[in-house]
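Structural overview for review
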Amino acid sequence: MIGKTAVDNSLSNSVEKKSAIETKPKRKVSIPKILIYTVLIVMAIVCFIPFLMMLVNATRSNEAILSGFTLLPGSAIVENYQTMMSYINIWAGFKNSLIISVLVTLLSGYFSALTAYGFAFYVFKGKNAMFVFMLVMMMVPGQLGLIGFYELCKNLGILDTYIPLIIPAAASPFVVFFLRQYILTTLHPSLIEAARIDGASEFKIFHTIAIPIMMPAIATMSIFTFIGSWNNYIMPLVVLFSPEKFTLPVLMGFLKGSQVAQNLGSMYLGIAISVVPIMVAFLFLSKYIVNSISAGSIKE
Amino acid sequence: MKNLNRYGYFFIAPFWLVFLVFSIYPVALTFYYSFTNYTGSGEAQLVGLANYKRLLTDTYFVEAFFNTWKIWGVNFALQMGLALILAMIFSDMRVKLKGIAFFRAIFYLPNLITISSVALLFGILLDWQHGSLNMMLMKVGIISDPINWLNEPTSAQLSISLILTWMWFGHSFIVVMAGVSGISKDYYEAALIDGANRWQTFSKITIPLLKPILLYIMITSLIGGLQLFDLPMLLTDGIGSPDGSLNTMVLYLYNQAFKYNNYGYAAAVAYGLFVITLIFSAFIFKGMYGKERKQPRQV
Amino acid sequence: MKRKLSIFLVSILLVGLFAGCSSDSKTSGNGKKDVDLRIWSFTDELKKPIKTFEEKNGVKVELTIVPIADYPTKLKPVLESGVGAPDVFTGEIAFLKQWVDAGYWENLSEKPYNADKLSDKYVPYVFDLGKDKDGDVRALSWQTTPGGIYYKRSIAKEVLGTDDPTQVGEMMSSMDKVFEVAEKMKSKGYSMFPDEGAIRWFTQGDNPQPWVNDKNELQLTEEKMEYMDYSKKLRDNQYTALAPEWSPSWFEGMDKPIKVKEGGKEKETQVFSYVLPTWGLHSVLKTNVKESVGDWAVTSGPSPYFWGGTWLGVYNKSDNKELAYKFVKMMTQDDEFLTSWSKETGDVLSYLPVTETIKDDFSDKFLGGQNNYQFFLDQSTKITPGIVTKYDQQLDTLYGNAVQQYVTGKKSKKEAIKEFYQKAQNAYPDIKVPKK
């Protein structure tokens, strides 16, 4: 790491010298940098404000929320929590959501990598047709598939279980598409050839060579998959019946009282409880991914 | 050399098994419904091509088509522009910005907030009489009378585009960065040594190498964008006000199916939308790969 | 680094699997058996009654609340297939008509329920709405939801010279009279209504007709067309505070003056009245008003109307119909329960044996001691039964849309009506729409 940075620095220094000689406008590096940071921070604030509002609203009473937005926290957080817990056991929902989302993420990550690798590095009959067909299927709007999906689950006897929420993740066309695109740019076939000559089996090559190279892409997609599954509302709503199996977004529905007098404060608290852990995990995971990328590139 | 290509089937088999059962079956059922007068419950009667005939002469569907394109197009241009500029800045070895993990996470935040909260928030910000936006503009003196943003077709559509950009530019940025991080640093170092400037590095190295990823973003954004639905539904009255300007294709489909119970016709609308998406995706593929179609890699 | 990541992932997987197994075993162990009755609804209002019911009968009831926007989506496939379905479920007025005809609810006119016998014990329009197209009772309701105009007594006294509900009601007994009052309000700097949408409940006028009649024809009555002009007049003459229903300013206007920006000027105005039904008092006004408690009263508008309401019935594939109907019975016919329910919540009941005994000594502090119960019961008898159709909610939205186009000056009256016809036809290809 250290060695690398030193090389970079010396490189960029030499370039700075060069550009100072060759290009006319002589700029100090720090001024555009400050400018860039300012812009980035303004953008960050714009992105953060609604999030903050959500957190603030979690501490405010229903009437206070209805009378408008503010960034000053209220004092109703304990009441909101009590109201919420009198309707739902949010921690049970948390556990259910976590189980589903983790399994979905793992399934989707592994099988998509498998499929993407299959599409990218083998030549077989019907390959292109199948790939195109997969892409084409992504274009049919899903809203109408719901009734058919329900019928299917009924016939398979898997209603009110997590199976219809988890297993379909093994077929995620978007992730397959992305991973295929990614591995085409990053993995050179000669690497596979070399491994074959060393006598490695096809699945071993996949597990020891392809997966590590795809890891940053898998991790990126995993974040999206996890969040998508975590926030998924309509599927668990339709498929699950037993309240003890409900996921977080479905439980949020319980909090909506009548149309007019909603328990807005507790809803925001519920949403905040469900979002903040993802946020934190994302912040850490995201850093981790960056590190693993640079770590990987040093070795080669 | 023995033929290893049959392994390809093993690799893709699990995917197809699950895909066939859970995705294709429901979608095929929808296709069947598009030839019926199904109402979402009870028995369905076959009506032949009636739904498709109606679709071809449906002015509201045409209206929805253009609305969707306008809203998505503006959003896509802005979102990609932002994502690429950010990627260019963060991947620039000369600037060496710190805190990429932090900014990446923060920029992604709007995507984490449930869409109903987003709609609620912007509904309040854009409110005609009491919205913060109008109050600010009036205080600064840019306008003297409040603008009813969500009551004018153009500004309503533009509002949706901007909200979408706000929600999705972080996502695109992350995907672009994932692609950038897959590019070997050697290219950049070579470029630095050759004295390439920022723009040259970006346009001659980053963009061409990112082509597969950019294709991915374009296709998925197109597919997602043409299925735009919840924001327009939540931000005004749910049937496309003002003056039908927020009537998008999937909103139209949704209303036909779940509000008016014309399930069979909605299925036909779904397939109309499907054909449209297909055509435009084909154009994108052609545009990106048309001239230099790569041979499939041989093993 | 990589090893760490994989250890991390594997441990998540293990935790996930472990948690998954444990939760599975738990649910399969004490799954469906220990619940005697399943009830689905879209609000939490049944929570308390269910508790009472559990204590009375020593049973366990499970209530599932689904937000109203997703309620039909969730319910439809379940009721169609009967898998995981509730024993009792409620229906809101917006989809009631569709559901009574869909055959999901048990026919209560048959034995052993014999609900027909109950007909004269209910407010007629409420009982009527629970019947299917063959006249069989499918669902019952405990409440009636007629509407009125809630107004501020202090403003009425200042501008109209009286705050007596009967006299104020007399001053607003027709649309023309409403405009006279509005003009007086405006001259003193008050706003008659929060926004022009408030008068939509009076569109029927003296001629209540269903949107779609027996011959499947769309009916846009003269009265409904006139409503367009009334709305425009409210807007053009600046009689309202431009605060749309359910918006923050709409809530704010109940208690304090709100700012209105119009024609390049900003003024502060107080809203005189809100058009709301029975439940508007408890779930809207009382929860939002702090300062003006006691300064309110309710009176009648130009024509009677009702807004909302919850019906409930027994699912016809339920395997516990007896207990299910027992619950329906408690909610709709139990004297003791209903008396305490209405005293506790202020809900106006549709079950006459109870209302007869409690209506006389009702008085609400919030309304300055007025007997709102008596008032609403009187209103509920004036409602014409049989004008509700399954098209109402969507056609109301489409028509409201057309009115809005006209009010904001985007379209002429003729164009707006033409567009309404087109959209109605597009939504419901089977109904006959006037060609104009």
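Structure report, in brief.

Parameters at a glance
Residues numbered from 1 in each chain as written. Chains lettered and ligands numbered in written order. Predicted model: local features only at pLDDT ≥ 70, side-chain atom pairs only at ≥ 80, totals over all residues. Heavy atoms only, no water. Helix = DSSP H or I, 4+ residues; strand = E, 2+ residues; numbered from the N terminus. Buried < 20%, exposed > 50% of the residue type's maximum accessible area, 1.4 Å probe, protein only. Contact = heavy atoms within 4.5 Å. Areas by Shrake-Rupley, 256 points an atom, 1.4 Å probe, with all protein chains shown as cover. Lys, Arg positive; Asp, Glu negative; His and termini not counted. Charge placed at Lys NZ, Arg CZ, Asp CG, Glu CD. Buried area = accessible area lost by both parts, 1.4 Å probe. Salt bridge = Lys/Arg side-chain N within 4 Å of Asp/Glu carboxyl O. Polar contact = N/O pair within 3.5 Å; in protein donor to acceptor, adjacent residues only side chain to side chain. Nonpolar A, V, L, I, M, F, W, Y, C, P; charged D, E, K, R; others polar. Patch = residues over 30% accessible without salt bridge, like charges linked within 9 Å, V, L, I, M, F, W, Y side chains within 5 Å. Pairing = 2+ DSSP bridges. Axes fitted to C-alpha atoms, helices over the stretch in contact; angles between N-to-C directions.

1. Points about the overall build of chain B
- Counting its regular elements, chain B contains 12 helices and zero strands.
- Written out in order from the N terminus, the α and β elements of chain B read α-α-α-α-α-α-α-α-α-α-α-α.
- In terms of principal-axis extent, the alpha carbons of chain B reach across some 70 × 65 × 30 Å.
- Looking at chain B as a whole, 59% of its 299 residues are labelled buried.
- Pairs at least 24 apart in sequence give 67% of the contacts found in chain B among residues at least 6 apart.
- For chain B, the computed accessible surface area is about 12,700 Å², with 67% contributed by carbon and sulfur atoms.
- Across chain B, the 20 positively charged side chains and the 14 negatively charged ones have centroids separated by 15 Å.

2. Focus: the interface of chain A and chain B
- Listed by partner, the interface residues are 92 residues for chain A and 95 residues for chain B.
- Taken together, both faces of the contact between chain A and chain B bury some 8,900 Å²; the carbon and sulfur share is 78%.
- Counting across the interface, chain A meets chain B through zero salt bridges.
- Here chain A and chain B share four residue pairs in polar contact (both at pLDDT 80 or more) between them.
- Per-element tally for the side of chain A that touches chain B: the top contributor is helix 2 (residues 30-57) of chain A, with 13 residues.
- Here the side of chain A that touches chain B is composed, by residue class, of 66 nonpolar, 16 polar and 10 charged.

3. Some remarks on a nonpolar patch on the surface
- A surface patch of nonpolar side chains, amounting to about 430 Å² of accessible area, comprises V276(A), V280(A), L283(A), F284(A) and F102(B).
- It is helix 14 (residues 264-299) of chain A that provides the largest number of residues to the nonpolar patch, a total of four residues.
- By the secondary structure assignment, F102(B) is in helix 4 (residues 100-108).
- Residue classification places F102(B) among the partly exposed positions, given a relative accessible area of 42%.

4. Let's talk about the sheet that holds strand 10 (residues 310-314) of chain C
All names here are of chain C.
- Read across the open sheet, the four strands follow the order 2-1-3-10; overall the sheet is mixed. Each edge of the sheet is formed by a strand with only one pairing partner; in this case those strands are strand 2 (61-65) and strand 10. Across the sheet, the mean angle from the axis of one strand to that of its neighbour is 20°, orientation sign disregarded.
- One ladder, built from five bridges, connects strand 1 (residues 37-41) with strand 2; its direction is parallel. Residue pairing in the sheet places W40 in a bridge with T64 of strand 2.
- On top of the sheet, helix 3 (residues 71-81) reaches strand 1 and strand 3 (88-92); it is set at about 140° to strand 1, its chief contact.

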